[in-house]
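Letter by letter, the chains look like this.
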Amino acid sequence: MPGDTTHNITGILLLGIAVYVLAGRGVGQDFLLVFVLSYLFSLLWLSPDLDVDRGSGSLRRWGPLGFLWYPYKELFRHRGISHSILLGPLTRVAYLAGMLWLALWLLSIGVSLPWPSSRHLGPLVLGLWLPDTLHCLLDRCLTWLKR
């Protein structure tokens, strides 16, 4: 399987291509900003390898908050649903949202979390999904080539 560095380099290259294509299609700057930020967050902090027993670059990037992902590692085996192109990002986003909600509830902070506007939902979903898909495809291609 490709390592963390390989995933990050190919992810950054794909981000450059995606921004070039999207900008060429005339999408707005707000679309590009939401897309780039969600893409980088997904690439660097929400990798499908958050469920790896030995840890991953993404898990290390969480620093002292990395412990939040230990239940996730117990719930999902590596290369299972976490490497599903459709369900993988959904499980991590839902898990993270649940942990955030739980933390706010435990702290009893009456904070209303912002919900993205409908015009930002598309670039947000695309940004969270695209690096995850690239990660899974790279893993599958390398596994196929090794066989």
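Scroll up a little and you will see the structure.
Residues numbered from 1 in each chain as written. Predicted model: local features only at pLDDT ≥ 70, side-chain atom pairs only at ≥ 80, totals over all residues. Heavy atoms only, no water.

Draft legend 1. Layout of empty space enclosed by the protein. Applying the stated criterion across every chain yields a total of 2 cavities of 30 Å³ or more. When its volume is computed, the largest cavity comes out at roughly 40 Å³. Considering the residues around the largest cavity, the lining is formed by S42, L43, L46, S47, P48, P131, D132 and H135. Sorting the residues of the lining of the largest cavity by element identifies α2 (29–45) and α6 (118–146) as the ones contributing at least two each. A total of 3 residues in the lining of the largest cavity trace back to one element, the largest contributor, which is α6. Taken together, the residues of the lining of the largest cavity break down into 4 nonpolar, 3 polar and 1 charged. The volume enclosed by the second largest cavity comes to roughly 30 Å³. Lining the second largest cavity, in full, are D4, H7, N8, L43, S47 and H135. Ranked by residue count, the leading element in the lining of the second largest cavity is helix α1 (residues 4–24), at 3 residues. (1 Å grid on protein atoms, 1.4 Å probe; cavity = no way out; pocket = protein on both sides within 12 Å on 5 of 7 lines; lining within 4 Å. Points joined across faces, edges and corners; volume = space filled by probe spheres on them. Helix = DSSP H or I, 4+ residues; strand = E, 2+ residues; numbered from the N terminus. Nonpolar A, V, L, I, M, F, W, Y, C, P; charged D, E, K, R; others polar.)

Draft legend 2. Inspection of the pattern of salt bridges at higher detail. In the structure shown here, the tally under the stated rule is 3 salt bridges. Where D30 meets R119, a salt bridge forms, and the shortest distance between an N and an O atom there is 3.1 Å. Here D30 is found in helix α2, whereas its partner R119 is found in helix α6, with 89 residues between them in sequence. Residue D132 pairs with R92 through a salt bridge whose shortest N-O separation is 2.2 Å. With D132 in helix α6 and R92 in helix α5 (residues 87–106), the pair connects residues that are 40 residues apart, well separated along the chain. Given a relative accessible area of 2%, D132 falls into the buried group. Given the relative accessible area of 1%, R92 is considered buried. (Salt bridge = Lys/Arg side-chain N within 4 Å of Asp/Glu carboxyl O. Buried < 20%, exposed > 50% of the residue type's maximum accessible area, 1.4 Å probe, protein only.)

Draft legend 3. Local environment of the packing of α2 against α6. Between α2 and α6, the shortest axis-to-axis distance is 7 Å and the interhelical angle comes to 35 degrees. Relative to α6, α2 is oriented so that their crossing is right-handed. Facing D30, F31, V34, F35, S38, Y39, F41, S42 and L43 of α2, the residues of α6 in contact are R119, H120, P123, L124, L126, G127, L128, L130, P131, D132 and L134. When the residues that make up the contact of α2 with α6 are grouped by side-chain class, the tally is 13 nonpolar, 4 polar and 3 charged. (Axes fitted to C-alpha atoms, helices over the stretch in contact; angles between N-to-C directions. Left-handed = near helix turned anticlockwise from the far one by under 90°. Contact = heavy atoms within 4.5 Å.)

Draft legend 4. Region of interest: the environment of F31. Tracing the chain through its elements places F31 in helix α2. Along the backbone, F31 and R119 are 88 residues apart, and their C-alpha atoms lie at a distance of 8.0 Å. Apart from residues no more than four positions distant in its own chain, F31 is found in contact with L22 and P123.

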